[in-house]
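The residues making up each chain are set out below.
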Amino acid sequence: MDLVFPAQKQTTVAVDGTNAEFPVHRIYCVGRNYVEHAKEMGWTGREAPFFFMKPADAAMSVPAGTIGEMPYPPMTKNLHHEIELVVAIGKDGKDITVEEAPKYVWGYAVGLDMTRRDLQAEAKDQGRPWCTAKGFDFSAPIGPIHPVSATQWIAHGAIGLNVNGKARQNSDVNKLIWNVAEVISCLSHLYTLKAGDLIFTGTPEGVAAVVPGDLLEGEIEGLGELKVKLI
Ligand code: MN
């Protein structure tokens, strides 16, 4: 097949313990999936999970032992951090049951769902889409993916984020309102999941603004650290 110009480069994410890379297909994100964060965003009761997406090339791979450099995005004065457990899908599937969901997980990583909170607030007020608030360039920094063969199924474990050495977010993955298997099942009824999909599973409470020069250090038990400097 002839292309009228060269295709854009495939976005990939580092894999822990190997030089092979994980090719990214889509990035799905879950909204309000920890009770205390849902409350800080105005939640009033348990709701069905809801989803939004980021473009695949918003993923910014930060290999182990490195510090990712994220440019402060344009058109915002209120960039927020959201530390999240990321699930990497390794097999195509749709209408997946909760029981079958674990078979579709290739691995896990620490990710940041960076958010232009001012644009999101405006979108909410106007009943408009969140795309510009969530799906901008470099909006999804992500640490190396740890194969599930090494981590086993993740149902609990400390999740946290420090900014310039000070704790901002601290919780446990066991506080997810909809757990990893439930999220995979729900999503797979809306979309055909594909090998290469990444799912950002939601952030705990403590989201706040960051500015150029800030060092963000995220960590999830068993998945190591994700360090990002805003430039
Ligand atoms: Mn999020």
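The shown structure was predicted, so the numbers you read here are calculated from the model rather than taken from an experiment.

(A) The coordination of the manganese ion, seen in detail. At 2.0 to 2.1 Å from the manganese ion lie its protein donor atoms, namely Glu-82 (OE), Glu-84 (OE) and Asp-113 (OD). Read in sequence order, the donor residues coordinating the manganese ion give the pattern E-x1-E-x28-D. Glu-82 sits in the buried class, given a relative accessible area of 4%. The class for Glu-84 is buried, based on a relative accessible area of 0%.

(B) Examining the nonpolar core more closely. Judged by nonpolar contacts, the single largest core of 43 residues is most densely connected at Ile-184 and Ile-199. Breaking this core down by element, the ones donating at least two residues are strand E3 (27–31), strand E8 (83–89), strand E9 (105–112), strand E13 (158–163), helix H5 (180–190), strand E16 (215–220) and strand E17 (224–230). At five residues, H5 tops the list of elements feeding residues into this core. If we ignore the near neighbours within four places in the chain, the residues touching Ile-199 are Tyr-28, Val-30, Leu-85, Val-86, Val-87, Ile-89, Val-183, Ile-184 and Leu-187. Phe-22, Ala-58, Ala-123 and Phe-200 belong to the second largest nonpolar core, which has 19 residues in total.

(C) Here's a closer look at a nonpolar patch on the surface. A contiguous nonpolar surface patch, about 270 Å² in accessible area, is contributed by Met-53, Leu-190 and Tyr-191. Residue placement: Leu-190 occurs in helix H5.

The rules behind each value
Residue positions within a chain follow its written sequence, with the count starting from 1. With the structure being a predicted model, the display of local features is reserved for residues of pLDDT at least 70 and the display and counting of side-chain atom pairs for 80 or more, all residues being used for whole-chain, interface and lining totals. Side-chain metrics rest on all non-hydrogen atoms present in the structure, leaving aside hydrogens and water. A 2.8 Å cut-off from the metal defines N, O and S donors, relaxed to 3.2 Å for Na, K and Ca; water is not in the atom list, so some sites may appear incomplete. Per-residue accessibility, obtained with a 1.4 Å probe over protein chains only, is compared with the maximum for each type, and a residue is labelled buried under 20%, exposed over 50%, and partly exposed between these values. Joining through side-chain atoms within 4.5 Å is the link that ties buried Ala, Val, Leu, Ile, Met, Phe, Trp, Tyr and Cys residues into a set, and such a set is a nonpolar core. Strands here are runs of E lasting at least two residues and helices are runs of H or I lasting at least four, both read from the DSSP assignment and numbered beginning at the N terminus. Between two residues, a contact is recorded if the distance between any of their heavy atoms is within 4.5 Å. For patch detection, residues must exceed 30% relative accessible area and be free of salt bridges, and they are connected within 9 Å for like charges or within 5 Å for nonpolar side chains (Val, Leu, Ile, Met, Phe, Trp, Tyr). Accessible surface is estimated by sampling points in the Shrake-Rupley manner with a 1.4 Å probe; for residues, cover comes only from the protein chains shown. Here, a salt bridge means any side-chain nitrogen of Lys or Arg that lies within 4 Å of a carboxyl oxygen of Asp or Glu.

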